[in-house]
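One letter stands for each residue in the lines below.
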Amino acid sequence: MNPILFHLLTIVILLAALLTVASMLIWGERRLLALWQDRYGPNRVGPLGLGQVVADIVKILAKEDWIPPFADKAVFQIAPGVILVATMTAFAVVPFAPGLAVADVNVGLLFFLAMSSMSVYSVALAGWSSNDKYSLLGSMRAISQMVSYEVFMGLSLMGVVIQVGSFRLGDIVLAQQRLWFALPQFLGLVVFFIAGLAETRRIPYDLPEAENELVAGYHTEYSGMKFASFFLGEYVGVTLFSSLVTTLFLGGWLGPVLPPLVWFILKTVLLVCLFILVRGSLPRPRYDQLMAMGWKIMLPLSLANLLVTGAIVLAREGAR
Amino acid sequence: MFTAIRTLFQVFLHGFRRRYTVQYPEQRRYLPPRWRGRIILSRDKKGNERCVACYLCAAACPVGCIALGATQDEHGRRYPEFFRINFSRCIFCGYCEEACPTYAIQLTPDYEMSEYQRPGMVYEKEDLLIDGEGKYKDYDFYQVAAVSIKDKGKGQGLNERPPVDVRGLLP
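Because the structure is predicted, anything quoted here is derived from the model rather than measured. (Residues numbered from 1 in each chain as written. Chains lettered and ligands numbered in written order. Predicted model: local features only at pLDDT ≥ 70, side-chain atom pairs only at ≥ 80, totals over all residues. Heavy atoms only, no water.)

Let's shift gears to the overall build of chain B. In terms of helices and strands, chain B carries 5 helices and 5 strands. For chain B, the α and β elements follow one another from N to C terminus as α-β-α-β-β-α-β-β-α-α. Along the first, second and third principal axes, the C-alpha atoms of chain B reach 100 × 45 × 30 Å. Here chain B holds 171 residues, and 30% of them are scored as buried. (Helix = DSSP H or I, 4+ residues; strand = E, 2+ residues; numbered from the N terminus. Buried < 20%, exposed > 50% of the residue type's maximum accessible area, 1.4 Å probe, protein only.)

In this complex, chain B contributes 17 residues to the contact, which on the side of chain A involves 14 residues. Of the roughly 1,500 Å² buried where chain B meets chain A, counting both sides, 58% is carbon and sulfur surface. Ranking the residues of chain B by area buried against chain A places Leu8(B), Arg19(B) and Gln23(B) at the top, with a combined share of 41%. Along the contact surface separating chain B from chain A lie 1 salt bridge. With a closest N to O distance of 3.2 Å, Arg44(A) and Glu26(B) form a salt bridge. Here the side of chain B that touches chain A is built from residues that sort into 8 nonpolar, 5 polar and 4 charged. (Contact = heavy atoms within 4.5 Å. Buried area = accessible area lost by both parts, 1.4 Å probe. Salt bridge = Lys/Arg side-chain N within 4 Å of Asp/Glu carboxyl O. Nonpolar A, V, L, I, M, F, W, Y, C, P; charged D, E, K, R; others polar.)

Any two side chains of opposite charge can pair if their charged atoms end up close together. Residue and element names in this part refer to chain B. In this structure the tally under the stated criterion is 19 salt bridges over all chains. Between Lys46 and Asp140 there is a salt bridge, with the nearest N and O atoms lying 3.7 Å from each other. One end of the pair, Lys46, is in the loop between strand S1 (39-41) and helix H2 (56-60); the other, Asp140, is in the loop between helix H4 (125-128) and helix H5 (141-144), with 94 residues separating them in the sequence. A relative accessible area of 58% places Lys46 in the exposed class. For Lys135, the salt bridge is made with Glu97, and the minimal N-O distance between the two is 2.8 Å. Of this pair, Lys135 sits in the loop between H4 and H5 while Glu97 sits in helix H3 (residues 95-99), placing them 38 residues apart in sequence.

Within the largest apolar cluster, 65 residues are counted, with the highest numbers of intra-cluster contacts made by Leu109(A), Phe112(A), Phe192(A), Leu244(A), Leu248(A) and Phe249(A). In terms of residue count, the dominant contributor to this core is helix H9 (residues 224-249) of chain A (10 residues). Setting aside residues no more than four positions away along its own chain, Leu109(A) makes contact with Leu157(A), Val161(A), Phe167(A), Leu169(A), Ile172(A), Leu244(A) and Leu248(A). Listed in part, the 23 residues of the second largest apolar core include Ile39(B), Cys96(B), Met121(B) and Tyr123(B). (Core = buried A, V, L, I, M, F, W, Y, C linked by side-chain atoms within 4.5 Å.)

Structure below.
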């Protein structure tokens, strides 16, 4: 097939699949949370309640798209788009199967880190342009959360990079043919997962939203499709981090018997379920506890991980 | 950290537990006979209205949702001319049932009384009146009360003796 056509097709299919997955996650999250809370969740609309997705989308499309008169209109309208664009662009570097990636660039990991940091701009801009104290508090928290969690999120991945010697995600997957990095880089996995929770603003680290303190945090003033795109962005972010953890630590598409793409999807779905399980079980820490955990535990841990990994890799090269 | 992992595991185990939700329209819970639901007006065994329009239920009602007007038939038997319960106000406390001296007003195990229009929540006497005796069988107020009505003079009720002529001198 024509390579350009193939790439375009990959992009279109990826975008369509992502949006579908993200909206299906609304249903999936509600059903799974209900399962773990001994309830049923939405099970009325269509088989297994799957029609709930359609119902939700129709509802939110029909809602009034209101911009408060006191808001900074231009920024207010851009903000929800930024999060969607940033998280979906980050998917470009994820290899789903051998040769199946939009762009398996040689700085893929750095590209991902840059794009996932962009999504914080969305939250910050949304809170600032809303001109509302709850939104402002929410985005203030988001920024400080980003400042403290972005640092060790990058550092936690450097162990993997040292072992592979490449930022290309395809190379990282191939380097795991003998052993998944989940074992040698277990510390990195845990730290990256926690940073992912903070980065996607999921429940233990949902301080920017914090329903019971800040109304709805940074998206208090949003309604209709703009509100929905924040949620879509969050769910795409969850999928992004799950697929990143799969790629970096769980061997990506590698696996016996089943085709590579199926293995990738399977691992990603399991991780998304883990994200939801964490949401269903852990309480939100206080603001200062979050900071203390970030700077006093996670950062030293990832630094130690980096040092030990580096030392072992150097010692091995010296022995050779 | 350990407690967090323990919590995660325990919440995960909840996935294998029984779900407590009752799938309402298909599954229904057992309602005990004394469940306080929709209010009805009952009749006695002979098919007469039990209500004597004494206004005790309306007086006992804490939200004032019962309205009625008393009237009498040609034999001097009291009955409500109209009896109206506004169920949008009713709190189903059951005080009316407790106050009723004739077991006429009763609460039943039925709660499915939603309406699309607010006026539909106002039940008139013909909506409230049922044909049977409801929860309390074999009770006929006029048979135990010393009131003379049609087919029953003074002293002809249950556990009643004929009236004594207090002015007479004979024992």
